[in-house]
Amino acid sequence: MDYLTGVIAELFDNPGLFDDSIMTKLPKKLGDMRQDHYVLSSTIEMIFEQSIRESNFRYMGARLCKLLDSLNNGPNLALRELLQLKMEDQSGELPQFMKNEQVKVRGATLFLAELYMQLRDPQQPFGKTISEHIINAIEILLAKEGPENTKCVCQCLKLCGYELEQDCPEKVESILHKLQSQTNVQSSTEAMIRSVFTLRKNAWGRSEEPAAAIPPMPVPTDPMLMGGVGAAVARNSPVFYGPDGKVLTEEEHSFLSTNVEEGKNPNAYNDYDDDDEYGLVDPNEDLEIQEAYEDFIQSSGQNQQQQQYRPNV
């Protein structure tokens, strides 16, 4: 238990540890205790408590539950049974929290949404179970109107509205109707409600934009390129296009070729000497330079011999 407590504390301070070490170390540390009801129950309690209290830990807490659920290469039935018991117990506490600790209800709602997104599988009933607890929490929040409660409901729907509408379509419709029927709401709250309906119209953001159609290749208008006597020759000749995307005619291509070739100076770069750029001159061009060059070579050779036999000091 001390290890699990430390894991939760470490993940809160450094979420990156989950992928770096926790995913590999946790299964080994738990060993045979991965099915122990006391260990799992205590772990679930800690995860729920931390996730409800700390908004920055909710996503990581849900991932931790998913990791515990997958330790046996499949759904951990013991863990899911304990999760269900915890959610049922929590649902009974939410109405009491609404009297003086509404922040706990909002935290629980958003954590359930994160847990739902991690553990939901359309082929298994457990996701449906979580969705029912989310719906219950949302209805409790909407029973007491307020900007923070409405904001929480909107955040929850933005996170998992698509999945909720698949599992509980009628209840989601009822929730949306209640949101739309709210009166005397602040302008910021009203804008958030509108954003939820806009998102829903776009399949809750799950739809993908169709790929842009590739424009067809320009159709040649020159008879030589379309067919006829010169078609066979044209098929093996290059095709040139103008700035407007249309195929150049023979006259246009001939005009451009002639003028471009005439404008070119084939010897434009012949006068450029790479040696001149770096100040290099052929020693054979000047007798004095040649003699100075030979003296330099001889003096360099003597210096090298002196350095070679110079004793170390």
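Refer to the structure printed above.
Residues numbered from 1 in each chain as written. Predicted model: local features only at pLDDT ≥ 70, side-chain atom pairs only at ≥ 80, totals over all residues. Heavy atoms only, no water.

Asker: Could you give an account of the overall build of the protein, with specific residues and numbers?
Answerer: The helix and strand tally for the protein stands at 15 helices and 0 strands. Within the protein, buried positions represent 34% of all 313 residues. Sequence separation of 24 or more characterises 68% of the internal contacts of the protein that already satisfy a separation of 6 or more. (Helix = DSSP H or I, 4+ residues; strand = E, 2+ residues; numbered from the N terminus. Buried < 20%, exposed > 50% of the residue type's maximum accessible area, 1.4 Å probe, protein only. Contact = heavy atoms within 4.5 Å.)

Asker: Describe unusual backbone geometry, with residues and values.
Answerer: Unusually for a residue other than glycine, alanine 203 sits at a positive phi of about 55°. Assignment of secondary structure puts alanine 203 in the loop between helix H10 (187–201) and helix H11 (223–226). Given a relative accessible area of 32%, alanine 203 falls into the partly exposed group. Even without being a glycine, tryptophan 204 presents a positive backbone phi close to 60°. Note on placement: tryptophan 204 falls in the loop between H10 and H11. Tryptophan 204 sits in the buried class, given a relative accessible area of 4%.

Asker: Report on the nonpolar core, specifying residues and quantitative values.
Answerer: In terms of nonpolar packing, the biggest core is built from 64 residues, with Leu83, Ile134 and Leu157 touching the most fellow members. Excluding residues that lie within four positions of it along the chain, leucine 83 makes contacts with Ile44, Phe48, Cys65, Leu115, Leu119 and Phe126. (Core = buried A, V, L, I, M, F, W, Y, C linked by side-chain atoms within 4.5 Å.)

Asker: Got a sec to walk through helix H9 (residues 169–180)? Specific residues and values, please.
Answerer: Given a rise of 1.5 Å per residue, 12 residues ought to cover 16 Å, and the 17 Å separating the end C-alpha atoms of H9 matches this to within 8%. Buried residues in H9 make contact with helix H7 (126–142), helix H8 (147–167) and H10. (Expected span 1.5 Å × (residues − 1).)

Asker: Pulling in residues and values, what's your account of the environment of glutamate 132?
Answerer: Relative to the helices and strands, glutamate 132 resides in helix H7. Take glutamate 132: its relative accessible area is 39%, and that puts it in the partly exposed class. Sequence-wise, glutamate 132 and aspartate 167 are 35 residues apart; in three dimensions their C-alpha atoms are separated by 8.7 Å.

Asker: Give a description of the pattern of salt bridges that names residues and reports values.
Answerer: By the definition in use, this model includes 10 salt bridges. A salt bridge links glutamate 163 to arginine 206, with the nearest nitrogen and oxygen atoms 2.9 Å apart. Residue glutamate 163 is found in helix H8, and its partner arginine 206 is found in the loop between H10 and H11; the two are separated by 43 residues along the sequence. By relative accessible area, arginine 206 is classed as partly exposed at 33%. Salt-bridge contacts for arginine 200 lead to glutamate 173; the nearest nitrogen and oxygen are separated by 2.6 Å. You can see arginine 200 sitting in helix H10 and its partner glutamate 173 sitting in helix H9, a full 27 residues away along the chain. A relative accessible area of 25% means that arginine 200 is categorised as partly exposed. (Salt bridge = Lys/Arg side-chain N within 4 Å of Asp/Glu carboxyl O.)

Asker: Which residues make up the side chain of lysine 86, and what values do they have?
Answerer: Its place among the elements puts lysine 86 in helix H5 (residues 77–100). With sequence-adjacent residues up to four places away left out, lysine 86 is seen in contact with Ile44, Glu45 and Phe48.

Asker: Break down the packing of aromatic side chains for me, with residues and values.
Answerer: Here the structure, examined in full by the defined rule, presents 1 aromatic pair. The interplanar angle of 80° and the centroid separation of 4.9 Å between the aromatic rings of phenylalanine 48 and phenylalanine 111 together place this pair among those described as edge-to-face. Here phenylalanine 48 is found in helix H3 (residues 37–53), whereas its partner phenylalanine 111 is found in helix H6 (residues 102–119), with 63 residues between them in sequence. According to the relative accessible area criterion, phenylalanine 48 is buried, its value standing at 1%. (Phe/Tyr/Trp six-rings, centres within 6.5 Å; stacked < 30°, edge-to-face > 60°.)

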